[in-house]
Amino acid sequence: MPDTIDMVDKVLADLKKVGGVEACAAASRDGLLIRAILQQEYFSESFAAMSATMLGAAEAATTELGKGVPHRVIVESEHGRLIAVGAGRRALLIVLVDSETGLGLILLELDKAAAKLKELLA
Amino acid sequence: MIETGIPKVDEFLGGVKPKGKNLVYYIQHGVEGEIFVIQTVYNSLKNGGTCVFVVSSTTPDNIRNLFKEFGWDIDPYKNNLFFVDAYNPLIGALSNEKYVVSNPDNIEDFSKVITDVLKELHPGTIVFGSLSTVMDLCGETETIEAVRSWNKLAMLYDHVMVYNFTAWPYSRETLDLIKKDMFNAVISIGGIAERVIFGQYFGILKSDWAKETKKSMLFRVLRPGGIKLFIPKILVTGPFDAGKSSFVHALSTRAISVDRFGTTIALDHGHVDYKGFSADIFGTPGQERFDPIIKLLSGESMGIFLVVDSTNPTDFVRAKQMLEITKSYGLPYVVIANKQDLPGALTPEEIRKQFNLPDDVPIIPAVAKDKIGVYEAFEVLIDKITGESDA
């Protein structure tokens, strides 16, 4: 059982290694933090809860309009970007990216990681 | 007497506080179990007791530093804290401790030192930092025999024995003996990865002087702070403008809200550190147009605060409906009768009648904006969550 935790940590650690990624976290769809790699453990619970809300709200909005389930939510701000993707029915993955790096590789790795997390929590 | 200093455990073991008893922390490997004895030692030092710490897997100085890491100053108690050093001799280092086991891999040697300690010192708490290490060095059967005789001796001299035991893959018989047979009380500590709850729990497996509780509880280890009982999600819900956000902010050590024009549109999130508990609070919006978000956020809750405006009985229908939306059937909940300071506020009993609430649902009068009643409500809900029937 603690092995699953180790495996989730591994997925996050790999994601954190991608250039430009400053922090990442796995959270449940209902906003509970599963694991995080962040500078400050302190804010991680709120970070998880808010990101789950954003993704949930985005999914509710687009589905309601007949546009299907969004692939991801990207929030751009002056000092960086936040990306949340669904990882199966139960979880989502969130990364914080600096403001310079191109997103191509990061989105690719994020989707891969999300697929892995989905398997782990299936 | 045994006092563990672990939140809730003492309550569960409470009632009679016998002398000469022993207790084992039975720890699944891979879980942060070391902290349990550390917290027990600090607690009994703080209460004026004498403690002996038997170290087998690290140096006494490392243990002293650990106390510091958790934010506990042991200097004032240093005359009451003794170490039995069974580590330094193992790595060929010198030891400055009063009690030293010169051959930690020899059970007779070990027993001799422990016997001296038990006979010489005033009744106190003897703590083994790692019984499993002793077992690895001296052999399973040998160690079990020795522990049996130490426990008898401790009973004779009114000491309390506390062991940390990591359940490595020893023989089935050994593990069963430790879990079921050898000790007066067994507290099991393990990890769970159930659906999306990842964490660590402890539960009382056995206690021969208190009524048995099969309840287990999540915990997390804070540095500083030690063991805190962990409640991953408590939901705060209720009709529009009942004071949910005020309640979350009044209760929380720190909180974040997403609100526009004074009303919550996504959620309030707060974190509470109170009386050994660490809990995360999720406050939902109240208006019906946000119902999809409420549904999304309400999964995995362990308890619910239903906040109502005591001056506005017309909202009670919506309040009941919100309990349904959050799928809170069967979950413990507490009703917060908020805005008690306003004229025309109904009393909790009037609310019970109007609401048609069963007698066992607590209704706490509160003024959330002035922090009145919020901690009482928290304690009542926590007691319900942790299964205290007399709450």
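Residues numbered from 1 in each chain as written. Chains lettered and ligands numbered in written order. Predicted model: local features only at pLDDT ≥ 70, side-chain atom pairs only at ≥ 80, totals over all residues. Heavy atoms only, no water.

### Considerations on the overall build of chain A
Link 1 in the chain: When you go through chain A residue by residue, the secondary structure sums to three helices and five strands.
Link 2 in the chain: When the helices and strands of chain A are read in sequence order from the N terminus, they spell out α-β-β-α-β-β-β-α.
Link 3 in the chain: What you see for chain A is a C-alpha radius of gyration of 14 Å, in line with the 14 Å of a compact globule of 122 residues.
Link 4 in the chain: Projected onto the principal axes, the alpha-carbon positions of chain A cover approximately 40 × 35 × 25 Å.
Link 5 in the chain: When contacts within chain A are restricted to residue pairs at least 6 apart in sequence, those whose partners lie at least 24 apart make up 51%.
Link 6 in the chain: For chain A, the centre of its 13 positive side-chain charges and the centre of its 17 negative side-chain charges are spaced 6 Å apart. (Helix = DSSP H or I, 4+ residues; strand = E, 2+ residues; numbered from the N terminus. Rg over C-alpha atoms; globule rule 2.2 N^0.38 Å. Contact = heavy atoms within 4.5 Å. Lys, Arg positive; Asp, Glu negative; His and termini not counted. Charge placed at Lys NZ, Arg CZ, Asp CG, Glu CD.)

### Remarks on the overall build of chain B
Link 1 in the chain: Secondary structure assignment for chain B yields twelve helices and 16 strands.
Link 2 in the chain: A principal-axis box enclosing the C-alpha atoms of chain B has dimensions of 75 × 35 × 35 Å.
Link 3 in the chain: Each of the 391 residues in chain B was classed as buried or not, and the buried ones make up 58%.
Link 4 in the chain: Roughly 16,700 Å² of accessible area belongs to chain B as shown, and the carbon and sulfur atoms make up 51% of that amount.
Link 5 in the chain: Averaging the positions of the 40 positive and the 49 negative side-chain charges in chain B gives two centres separated by 3 Å. (Buried < 20%, exposed > 50% of the residue type's maximum accessible area, 1.4 Å probe, protein only. Areas by Shrake-Rupley, 256 points an atom, 1.4 Å probe, with all protein chains shown as cover.)

### Some remarks on the domain arrangement of chain B
Link 1 in the chain: Examined at the domain level, chain B breaks down into domain 1 (9-224) and domain 2 (231-385).
Link 2 in the chain: Taking only C-alpha atoms, the centre of domain 1 of chain B and the centre of domain 2 of chain B are 41 Å apart. (Domains from an automatic or database assignment.)

### Digging into helix α4 (residues 107-120) of chain B
Residues and elements named next belong to chain B.
Link 1 in the chain: The terminal C-alpha atoms of α4 lie 20 Å apart, and with 14 residues this matches the ideal 20 Å at 1.5 Å per residue to within 8%.
Link 2 in the chain: Those residues of α4 lying buried are Ile-107, Phe-110, Ser-111, Val-113, Ile-114, Val-117 and Leu-118. Around the axis of α4, the buried residues are gathered within 165° of arc, so they sit on the same side. Every exposed residue of α4 that faces more than 90 degrees away from the buried side is listed here: Glu-108, Lys-112 and Glu-120. (Expected span 1.5 Å × (residues − 1). Arc of directions from axis to C-beta.)

### Some details on the pairing of strand β14 (residues 303-309) of chain B
Moving residue by residue along a regular strand, the side chains alternate between the two faces of the sheet.
Link 1 in the chain: When you tally the buried positions in β14(B), you get seven out of seven residues, the bulk of the element.
Link 2 in the chain: Taking every second residue as pointing to the same face, both faces of β14(B) are buried, with Gly303(B), Phe305(B), Val307(B) and Asp309(B) on one and Ile304(B), Leu306(B) and Val308(B) on the other.

### Observations concerning unusual backbone geometry
All names here are of chain B.
Link 1 in the chain: A cis amide bond links Arg-223 to the next residue, Pro-224, at an omega of -5°.
Link 2 in the chain: Along the chain, the position of Pro-224 falls in the loop between β9 (216-222) and β10 (226-237).
Link 3 in the chain: With phi around 60°, Lys-371 is a residue other than glycine that occupies positive phi space.
Link 4 in the chain: If you trace the backbone, Lys-371 turns up in the loop between β16 (363-365) and α12 (374-385).

### Some words on α12(B)
All names here are of chain B.
Link 1 in the chain: Under the 1.5 Å per step criterion, the end-to-end length of α12 is 16 Å for twelve residues, consistent within 8% with the ideal 16 Å.
Link 2 in the chain: Among all positions of α12, only Val-374, Ala-377, Phe-378, Leu-381, Ile-382 and Ile-385 are buried. The buried residues of α12 all sit within an arc of 130° when viewed along its axis, so they share a single face.
Link 3 in the chain: Positive backbone phi, at 80°, marks Gly-387, one or two positions downstream of α12.

### Overview of the packing of aromatic side chains
Residue and element names in this part refer to chain B.
Link 1 in the chain: One pass over the full model with this rule turns up 19 aromatic pairs over all chains.
Link 2 in the chain: Relative to Trp-150, the ring of Phe-128 has its centre 5.2 Å away and its plane inclined at 10°; by these criteria the two rings are stacked. Of this pair, Phe-128 sits in strand β5 (residues 125-128) while Trp-150 sits in helix α6 (residues 140-156); the two residues are 22 residues apart in sequence, bridging distant segments of the chain. Each member of the pair, Phe-128 as well as Trp-150, is classed as buried.
Link 3 in the chain: Taking 4.9 Å as the distance between ring centres and 25° as the angle between the ring planes, the aromatic pair formed by Phe-316 and Phe-355 counts as stacked. In this pair, Phe-316 sits in helix α10 (residues 316-325) while Phe-355 sits in helix α11 (residues 348-355), placing the two residues 39 residues apart along the sequence. As far as burial versus exposure is concerned, Phe-316 and Phe-355 are alike and both buried.
Link 4 in the chain: An aromatic cluster is built from Phe-110, Phe-128, Trp-150, Tyr-163 and Phe-183, whose rings are joined through pairwise contacts.
Link 5 in the chain: The positively charged end of Arg-220 is found above the aromatic ring belonging to Phe-230, 3.8 Å away from the centroid.
Link 6 in the chain: One cation-aromatic arrangement involves Lys-233 over Phe-282; the distance from NZ or CZ to the ring centre is 4.5 Å. (Phe/Tyr/Trp six-rings, centres within 6.5 Å; stacked < 30°, edge-to-face > 60°. Lys NZ or Arg CZ within 6 Å of the ring centre and 35° of its normal.)

### Quick notes on the interface of chain B and chain A
Link 1 in the chain: Residue-level contacts link 26 residues of chain B with 22 residues of chain A.
Link 2 in the chain: Taken together, both faces of the contact between chain B and chain A bury some 2,100 Å²; the carbon and sulfur share is 73%.
Link 3 in the chain: In this structure, the connection of chain B to chain A is made through one salt bridge.
Link 4 in the chain: For the interface between chain B and chain A, the tally reads three residue pairs in polar contact (both at pLDDT 80 or more). (Buried area = accessible area lost by both parts, 1.4 Å probe. Salt bridge = Lys/Arg side-chain N within 4 Å of Asp/Glu carboxyl O. Polar contact = N/O pair within 3.5 Å; in protein donor to acceptor, adjacent residues only side chain to side chain.)

### Comments concerning the pattern of salt bridges
Link 1 in the chain: Under the criterion given, the structure shown has 24 salt bridges over all chains.
Link 2 in the chain: Note that Arg220(B) and Glu45(A) form a salt bridge whose closest N and O atoms lie 3.0 Å from each other. In this pair, Arg220(B) is assigned in strand β9 and Glu45(A) in helix α2 (residues 44-64), connecting two distinct chains.
Link 3 in the chain: Glu45(A) sits in the buried class, given a relative accessible area of 8%.
Link 4 in the chain: Among the ionic pairs, Lys112(A) bridges to Glu109(A), the shortest N-O distance being 3.4 Å. With Lys112(A) and Glu109(A) both in helix α3 (residues 104-120) and three residues apart, this pair spans about one turn of that helix.

### Some details on the side chain of Lys339(B)
Residues and elements named next belong to chain B.
Link 1 in the chain: Its place among the elements puts Lys-339 in the loop between β15 (333-338) and α11.
Link 2 in the chain: A polar contact is formed between the side chain of Lys-339 and the backbone oxygen of Asp-241, at a distance of 2.8 Å.
Link 3 in the chain: The contact partners of Lys-339, leaving out residues within four places of it in the chain, are Asp-241, Ala-242, Asp-309, Thr-311, Ala-345 and Ala-366.

### Here's the deal with the sheet that holds strand β4 (residues 80-87) of chain A
Residue and element names in this part refer to chain A.
Link 1 in the chain: Ordered by their spatial adjacency, five strands build an open sheet running β2-β1-β5-β4-β3, and the pairing between neighbours is antiparallel. Each edge of the open sheet is held by one strand with a lone partner, namely β2 (33-37) and β3 (72-77). Here the average twist between neighbouring strands, direction ignored, is 15°.
Link 2 in the chain: α2 contacts β1 (21-28), β2, β3, β4 and β5 (91-97) of the sheet and is inclined by roughly 110° relative to β5.
Link 3 in the chain: Contacts from α3 reach β1, β3, β4 and β5 within the one sheet, and its direction differs from that of β4 by about 35°. (Pairing = 2+ DSSP bridges. Axes fitted to C-alpha atoms, helices over the stretch in contact; angles between N-to-C directions.)

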